[in-house]
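Observations on chain architecture
What follows is each chain in one-letter form.
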Amino acid sequence: MFRKTILGAVAFVAMAVGGSMAQAQDNPHTDQQSWSFAGVFGTYDQNQLRRGFQVYREVCSSCHGLEFIAFRNLSEPGGPRFSEDQVRALAAEFTIADETATDGRREGVPADRWPNPFPSEQIARDSNSGAFPPDLSLMAKARGIHMDFPWWIFTYFTAYQEAGADYIYNLLTRYTEAPEGVDVPVGQYYNDYFAGHLIAMAPPLSDGIVSYADESTPQTMEQYARDVSAFLQWTADPHMVDRKATGFKVILFLIVLSILMYLVKRRIWRDVH
Ligand code: HEC
C-alpha cells in the first residue's frame, strides 16, 4: 500500500515535470514586470492608471471597447480618480445611442458605459481583416501567463495576481520580424509572444505616439505598454487592493483565533490526564 502511494507520487511528479517541459516549447518565456499593485500590500499607482487610460483612449479605443467601465468609475477611489467635473466633461464628448432620446442619440453622462467603437461585430470584423477586436474590460482576467512547474506554486505565497497585466505587456511589446521561412499573410502580423505567433492586430504602440503631460515619464513603447496594462488590470479587477487588505486582516484574525482556541482547549482539558 505504502509502496503504491510512493510510486503514484513519483509518477505524478514525473508527469507534471514532463508535461510542463513539453509545453514550455510552445510557451515563450514571459518577461514579468514589477507592478506597484504586486504583493500582499501592493496598490494601484494613480498616476500610472491615468497615463494608462490616456494610452487606451488615444490608441486602443479606436478598435477595442471597454464595456464594463462607466465614465463615473474613472473618478472612484482606487482608480485613476479623475475629478467629477473632468468625468462629466469627458462623458459629454461622446454621443450615446438612446432610444428614449429625441433623435435616438444624446450627449454622454457619467453613468453611461464606455461606448463601443464599432456599431456591430460585423463592421468591427470588416475593418480588421475578419478578426474581432475583443472588449478589453476583463481582458486582464481572461489571459494569464505560462509558468513551468514548480514555479507557479510560489505564486500562492507571493499573492501573484498580475498575470493578466504581464500577458498584455508582453503581447504589446513583442512584435518582431517573422523568422526566415514563415509566411505572414496580409492583415496578419508576427508576434513572438502571441500563441501561434500570427495576430490580426497591427503593432499598436511605438515610441512617442502618446504625449504624457508629465514629461519626466519616458514616452517609449515599453512605458506605454506598462501603463496601459496596469490600467487594464484595474478595469478587470478594480477591487483587488481592497480584497488583498481584507484577506490580510482575515488571516491575521484567524491566527489570533487559533492561538486563543488552543489556550482555551488547554484550560478545559487541564484536569484530564
Ligand atoms: C487597429 C485596431 C486595433 C488597435 C488600435 C488595437 N487593437 Fe488590440 N486587437 C485588434 C484585433 C483585430 C485583435 C484580434 C487579433 C486576433 O485575434 O488575431 C486584437 C486583440 C487584442 C488583444 C487580445 C489578444 C489575445 O490574447 O487574444 C489584446 C489584449 C489587445 N488587442 C490589446 C490592445 C491594446 C492594449 C491596444 C492599445 C495599446 C490595442 N489592442 C490596440 C485590433 C486593434
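Residues numbered from 1 in each chain as written. Predicted model: local features only at pLDDT ≥ 70, side-chain atom pairs only at ≥ 80, totals over all residues. Heavy atoms only, no water.

Some thoughts on the site of the ligand
What counts here: By convention in this text, a residue qualifies as near a molecule or strand provided that one of its non-hydrogen atoms is within 4 Å of it. Within 3.5 Å is the distance limit for a polar contact, defined as a pair of N or O atoms, with the added protein rule that one can donate a hydrogen and the other accept it, and that residues adjacent in sequence qualify only through two side-chain atoms. Where helices and strands are cited, they refer to DSSP runs of H or I of at least four residues and of E of at least two residues respectively, numbered from the N terminus. We call Asp, Glu, Lys and Arg charged. Ala, Val, Leu, Ile, Met, Phe, Trp, Tyr, Cys and Pro are nonpolar, and the rest, Gly among them, are polar.
Around the ligand, a shell composed of 22 residues is seen, among which Cys60, Cys63, His64, Tyr167 and Met201 lie nearest. In the model, an oxygen atom of the ligand is placed 2.5 Å from a nitrogen or oxygen of the Tyr167 side chain. The dominant element in the shell around the ligand, judged by the number of residues it contributes, is helix α7 (residues 163-173), at 3 residues. Its residues placed into classes, the shell around the ligand shows 18 nonpolar, 3 polar and 1 charged.

What about the nonpolar core?
In plain terms, the rule: Put simply, a nonpolar core is a bunch of buried Ala, Val, Leu, Ile, Met, Phe, Trp, Tyr and Cys residues held in one set by side-chain atoms that sit within 4.5 Å of each other. Each residue gets one of three labels from its accessible area relative to the maximum for its type: buried under 20%, exposed over 50%, partly exposed in between, using a 1.4 Å probe on protein chains only. Here, two residues are considered to be in contact whenever any of their heavy atoms come within 4.5 Å of each other.
Of all hydrophobic cores here, the largest spans 49 residues; its most connected members are Val55, Tyr56, Leu66, Leu74, Trp114, Leu205 and Phe231. When residues of this core are traced back to their parent elements, those giving at least two are α2 (46-58), α3 (84-92), α5 (139-142), α7 and α8 (221-236). Aside from chain neighbours lying at most four places away, what touches Val55 is Cys60, Leu205, Val210, Tyr212, Tyr224 and Val228.

Considerations on the coordination of the iron atom of the ligand
Rules: Sites may look incomplete because water is not among the atoms; the donors themselves are N, O and S atoms within 2.8 Å of the metal, or within 3.2 Å for Na, K and Ca. Sites are called tetrahedral only when four donors show all angles between 85 and 135 degrees, square planar or octahedral only when four or six donors show opposite pairs over 155 degrees and all other angles between 65 and 115, and irregular in any remaining case.
Distances from the iron atom of the ligand to its protein donors, namely His64 (NE2) and Met201 (SD), fall within the range 2.0 to 2.1 Å. The coordination sphere of the iron atom of the ligand comprises 6 donor atoms, whose angles at the metal cover 85 to 178 degrees; the geometry is octahedral. Residue His64 is found in the loop between α2 and α3, and its partner Met201 is found in the loop between β4 (198-199) and α8; the two are separated by 137 residues along the sequence. On the basis of relative accessible area, His64 is assigned to the buried category, the value being 10%.

Purely spatial values, then, with no claim about function.
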